[in-house]
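Per-entry structural report
What follows is each chain in one-letter form.
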Amino acid sequence: MQDYLYENNIDKFPVAMAYVPWQKFDKMFDDLEKAYCTGTIFPELDKPFTGRRCV
Amino acid sequence: MGSNKEQLLRDIGIVDFVLTELTLYLDTHPFDRNAMEYFNHYNRIKHQMEKEFSMKYFPLNTGMAESNKEWRWGMAPLPWEGVCG
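Anyway, here's the lowdown on the structure attached to this text. (Residues numbered from 1 in each chain as written. Chains lettered and ligands numbered in written order. Predicted model: local features only at pLDDT ≥ 70, side-chain atom pairs only at ≥ 80, totals over all residues. Heavy atoms only, no water.)

**Overview of the pattern of salt bridges**
The final tally for this structure, using the stated rule, is five salt bridges over all chains. Taking the shortest distance from any N to any O, the salt bridge between Glu33(A) and Arg10(B) comes out at 2.4 Å. Highlighted residues: Glu33(A) in helix H1 (residues 32–38) and Arg10(B) in helix H1 (residues 5–28), drawn from two different chains. You can call Glu33(A) partly exposed: its relative accessible area is 34%. Measuring nitrogen to oxygen at the nearest pair gives 3.9 Å for the salt bridge that ties Lys46(B) to Glu50(B). You can see Lys46(B) and its partner Glu50(B) sitting in helix H2 (residues 33–56), four residues apart, about one turn around the helix. Ionic contacts of the salt-bridge type, sharing partners, join the residues Asp16(B), Lys46(B) and Glu50(B) into one network. (Salt bridge = Lys/Arg side-chain N within 4 Å of Asp/Glu carboxyl O. Helix = DSSP H or I, 4+ residues; strand = E, 2+ residues; numbered from the N terminus. Buried < 20%, exposed > 50% of the residue type's maximum accessible area, 1.4 Å probe, protein only.)

Structure representation (structure tokens):
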């Protein structure tokens, strides 16, 4: 489950393919109530939709 | 964490949500020690809360249903009881 570094392997990535960077997790939300209402415990996944574009 | 029944039940649900999130993450990151520590921590907390709830009110699962005078699992209210009035 290694993440192939995109920067220095750019030529090896075929076109027309989607790539999702590997989630790196360090600290989760302390306030569990807020995390529950937000819908995730991972700050890096907290991406509220703001009507035009994600933050 | 809350004390009365509704609050304790809600808190158990929130900790259960945290464990579900961590489980999903660990399924794809099986060697992430940091995440495992978080999981172990909240897993113990959830068990304590469930035990407390079971002693104070009624068992939430049959694993908590040790009984002597009456069969506590069977006597527990059904989840929908008293909800639709």
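That shown, we press on.
**Re the interface of chain A and chain B**
Contact with chain A, which involves 16 residues of that partner, is made by 15 residues of chain B. At the boundary of chain A with chain B, total buried surface from both sides reaches about 1,500 Å², with 66% on carbon and sulfur atoms. Counting across the interface, chain A meets chain B through one salt bridge. Summed over the shared surface of chain A and chain B, the result is seven residue pairs in polar contact (both at pLDDT 80 or more). Split by residue class, the side of chain A that touches chain B holds 10 nonpolar, three polar and three charged. (Contact = heavy atoms within 4.5 Å. Buried area = accessible area lost by both parts, 1.4 Å probe. Polar contact = N/O pair within 3.5 Å; in protein donor to acceptor, adjacent residues only side chain to side chain. Nonpolar A, V, L, I, M, F, W, Y, C, P; charged D, E, K, R; others polar.)

**Quick notes on the nonpolar core**
Core analysis: the biggest nonpolar cluster contains 24 residues, and Phe25(A), Met28(A), Ile41(A), Val18(B) and Tyr42(B) have the highest contact counts within it. Elements with a minimum of two residues in this core: H1 of chain A together with H1 and H2 of chain B. Take this core: its biggest share by element is 10 residues, from H1(B). Setting aside chain neighbours within four positions, we find Met28(A) in contact with Ile41(A), Pro43(A), Val18(B), Tyr38(B) and Tyr42(B). (Core = buried A, V, L, I, M, F, W, Y, C linked by side-chain atoms within 4.5 Å.)

**Here we look at the environment of Arg72(B)**
Residue and element names in this part refer to chain B. Relative to the elements of secondary structure, Arg-72 occurs in helix H3 (residues 72–75). Accessibility expressed as a relative area gives 21% for Arg-72, which makes it partly exposed. Separated by 17 residues in the primary sequence, Arg-72 and Met-55 have C-alpha atoms spaced 10 Å apart. Sequence-distant contacts of Arg-72, defined by excluding residues within four places in its chain, comprise Ser-54, Met-55, Phe-58, Pro-59, Met-64, Ala-65, Glu-66 and Ser-67.

**Here we look at the packing of aromatic side chains**
Applying the stated rule across the entire model yields eight aromatic pairs over all chains. On the basis of an interplanar angle of 90 degrees and a centroid distance of 5.1 Å, the ring pair of Phe25(A) and Phe42(A) is categorised as edge-to-face. Taken together, the residues Phe25(A) in the segment before H1 and Phe42(A) in the segment after H1 connect sequence positions 17 residues apart. For the pair Phe25(A) and Phe42(A), one class covers both residues: buried. On the basis of an interplanar angle of 85 degrees and a centroid distance of 5.6 Å, the ring pair of Tyr36(A) and Phe17(B) is categorised as edge-to-face. Of this pair, Tyr36(A) sits in helix H1 while Phe17(B) is found in helix H1, placing the two residues in two different chains. For Tyr36(A), a relative accessible area of 36% corresponds to the partly exposed category. (Phe/Tyr/Trp six-rings, centres within 6.5 Å; stacked < 30°, edge-to-face > 60°.)

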